[in-house]
Amino acid sequence: MAAYVKALVSIGGAAILAGQAIAQPPPLDPLSMRLLVAHNSERVRMGVVPLQWDAALAAAALSYGPALASLGRLQHSPKESRPGQRENLWMGTSGAYSPEQMVSTWLAEKRFFHPGVFPNVSSTGNWLDVAHYTTLVWPTTTRVGCAVYRSGAFDYLICRYSPPGNIDGRPLLLPRQVDRG
């Protein structure tokens, strides 16, 4: 993949590789772009490579929306239904929150995060207190796809990440981890 990236050159908005044009992904809709920027702003701030949008992950996320609406609460989808993926969930009053506000609830977990070997990465001693944040900034995760599912009184934000992070026994050291003194 690194060789591919090095060989890929953008010229006037068109990509070429060894003299052949490569199709560009379609532009993202405004909601998807805002969700991607909300994720990547933190990743860049922490010195982690930005995520790429993955339409298949977004479609998979959207397909889980009806199940959440049926439950009327947050519950992760079965892991076997999303192999090679992690999932972040959010729920709030319909129409009351911007995409950035939705993602910011996961980013707020940063206050409890400290570098270490997963799952020992929370100052509270409970990795669940930082699980959304660590999923979002996991350095080897490269793709994200999200959907907002609206149902009655609630909006559900579902984001899927691949390759998955939050792997027990793996170090999670962010290049620009802020010293909390």
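That block above? That's the structure.
Since we're looking at a predicted model, the values are computed, not measured.

What counts, and where the lines are drawn
Residues numbered from 1 in each chain as written. Predicted model: local features only at pLDDT ≥ 70, side-chain atom pairs only at ≥ 80, totals over all residues. Heavy atoms only, no water. Phe/Tyr/Trp six-rings, centres within 6.5 Å; stacked < 30°, edge-to-face > 60°. Buried < 20%, exposed > 50% of the residue type's maximum accessible area, 1.4 Å probe, protein only. Helix = DSSP H or I, 4+ residues; strand = E, 2+ residues; numbered from the N terminus. Pairing = 2+ DSSP bridges. Contact = heavy atoms within 4.5 Å. Axes fitted to C-alpha atoms, helices over the stretch in contact; angles between N-to-C directions. Arc of directions from axis to C-beta. Disulfide = S-S within 2.5 Å. Expected span 1.5 Å × (residues − 1). Polar contact = N/O pair within 3.5 Å; in protein donor to acceptor, adjacent residues only side chain to side chain.

### Focus: the packing of aromatic side chains
Moving on, step 1. All chains considered together, the criterion is met by five aromatic pairs.
Moving on, step 2. Ring geometry for W90 versus Y97: centroids 5.1 Å apart, planes at 75°, classification edge-to-face.
Moving on, step 3. Here Y97 falls in the partly exposed class, since its relative accessible area comes to 38%.
Moving on, step 4. Pairing F113 with Y133 gives two aromatic rings, centres 5.8 Å apart and planes at 55°, and the pair type is tilted. Placement of the pair is F113 in the loop between α4 (99-107) and β6 (116-117) and Y133 in helix α5 (residues 131-137), with a sequence separation of 20 residues. No difference in accessibility class separates F113 from Y133, as the two residues are buried.
Moving on, step 5. Of the aromatic side chains, those joined through ring pairs into one cluster are F118, W127 and W138.

### As for the sheet that holds strand β8 (residues 154-162)
Moving on, step 1. A sheet is described by the order of its strands in space; here four strands give the open sequence β4-β7-β8-β5, paired in mixed fashion. Each end of this open sheet is capped by a strand with a single partner; those strands are β4 (52-53) and β5 (86-93).
Moving on, step 2. Pairing of β4 with strand β7 (residues 143-151) involves two bridges; the strand directions are parallel. By the bridge assignment for β7, W53 is matched with V144.
Moving on, step 3. Sitting on the sheet, helix α2 (residues 30-45) is in contact with β4, β7 and β8, with an inclination near 125° to β7.
Moving on, step 4. In this fold α4 packs onto β5, β7 and β8, with an angle of close to 60° to the strand it touches most, β8.

### Thoughts on α4
Moving on, step 1. Here α4 has its buried residues at P99, M102, V103, W106 and L107. All buried residues of α4 project into a common sector of 150° when viewed along the axis, lining one side.
Moving on, step 2. In this structure, the buried side of α4 is in contact with α2, β5, α5, β7 and β8.

### Section: the state of the cysteines
Moving on, step 1. Considering all chains together, one arrives at one disulfide under this definition.
Moving on, step 2. Each disulfide pairs two cysteine sulfurs, and for C146 the partner residue is C159, the sulfurs being separated by 2.1 Å. One quick way to see it: the torsion about the S-S bond of C146 and C159 is about 110°, and its sign makes the bridge right-handed. With C146 in strand β7 and C159 in strand β8, the pair connects residues that are 13 residues apart, well separated along the chain.
Moving on, step 3. Among the residues examined, C146 registers a relative accessible area of 5% and is labelled buried.
Moving on, step 4. C159 sits in the buried class, given a relative accessible area of 0%.

### Let's talk about α2
Moving on, step 1. When the terminal C-alpha atoms of α2 are compared, their 22 Å separation across 16 residues agrees well with the 22 Å that a helix rising 1.5 Å per residue should span.
Moving on, step 2. Put simply, D29 is the residue that caps the front of α2, since its side-chain oxygen is 3.1 Å from the backbone nitrogen of L31.
Moving on, step 3. G47 lies just past α2 and shows a positive phi near 80°.

Read these as spatial facts, not as claims about activity.
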